[in-house]
Amino acid sequence: MPLTLKWLKCALIRALKTVAQTAAATLGTAALLSEVDWPAALSASLLAGLLSLLTSLAGLPEAKEDPE
């Protein structure tokens with residue numbers, strides 16, 4: 001699968017959703033916002049986004065080009 005602009009857009013959208021989900025899960029483990037370990041939450045979220053991009057290299061069904 002060639003890395004096209006469409007692929008990049010789909011992969012970034014997927015990675016952003018993964019980052020948001022990981023942040024929500026990490027922040028949800030603290031009872032109060034003042035108890036959140038912000039560096040750990042940011043680190044986990046960014047790592048999840050990076051892993052999502054790497055996983056997307058295997059292929060994204062939504063990025064397949066429409067046959068003409």
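Refer to the structure presented above.
Just so you know, these numbers come straight off a predicted model, no measurement behind them.

### Overview of the overall build of the protein
And step 1. The number of helices and strands found in the protein is two helices and zero strands.
And step 2. For 68 residues, the compact-globule estimate of 2.2 N^0.38 gives 11 Å, and the protein exceeds it by more than 25% at 15 Å.
And step 3. Buried residues in the protein amount to 19% of all 68 residues.
And step 4. Accessible area for the protein stands at about 5000 Å²; split by element, carbon and sulfur atoms hold 69% of it.
And step 5. Side chains of the protein carry 5 positive and 6 negative charges; the gap between the two charge centres is 7 Å.

### Some details on the environment of W38
And step 1. Position of W38 among the secondary structure elements: in helix 2 (residues 38–56).
And step 2. The class of W38 is partly exposed, set by a relative accessible area of 44%.
And step 3. Put simply, W38 and L27 are eleven residues apart on the chain and 8.4 Å apart in space, counted from C-alpha to C-alpha.
And step 4. Look past the residues within four positions of W38 in its chain and what remains in contact with it is L27 and L33.

### Quick notes on a nonpolar patch on the surface
And step 1. Residues L3, L47, L50, L51, L54 and L57 make up a contiguous nonpolar surface patch of roughly 590 Å² in combined accessible area.
And step 2. With respect to the helices and strands, L3 occurs in the segment before helix 1 (5–27).
And step 3. L3 sits in the exposed class, given a relative accessible area of 57%.

Thresholds, definitions, all that
Residues numbered from 1 in each chain as written. Predicted model: local features only at pLDDT ≥ 70, side-chain atom pairs only at ≥ 80, totals over all residues. Heavy atoms only, no water. Helix = DSSP H or I, 4+ residues; strand = E, 2+ residues; numbered from the N terminus. Rg over C-alpha atoms; globule rule 2.2 N^0.38 Å. Buried < 20%, exposed > 50% of the residue type's maximum accessible area, 1.4 Å probe, protein only. Areas by Shrake-Rupley, 256 points an atom, 1.4 Å probe, with all protein chains shown as cover. Lys, Arg positive; Asp, Glu negative; His and termini not counted. Charge placed at Lys NZ, Arg CZ, Asp CG, Glu CD. Contact = heavy atoms within 4.5 Å. Patch = residues over 30% accessible without salt bridge, like charges linked within 9 Å, V, L, I, M, F, W, Y side chains within 5 Å. Salt bridge = Lys/Arg side-chain N within 4 Å of Asp/Glu carboxyl O.

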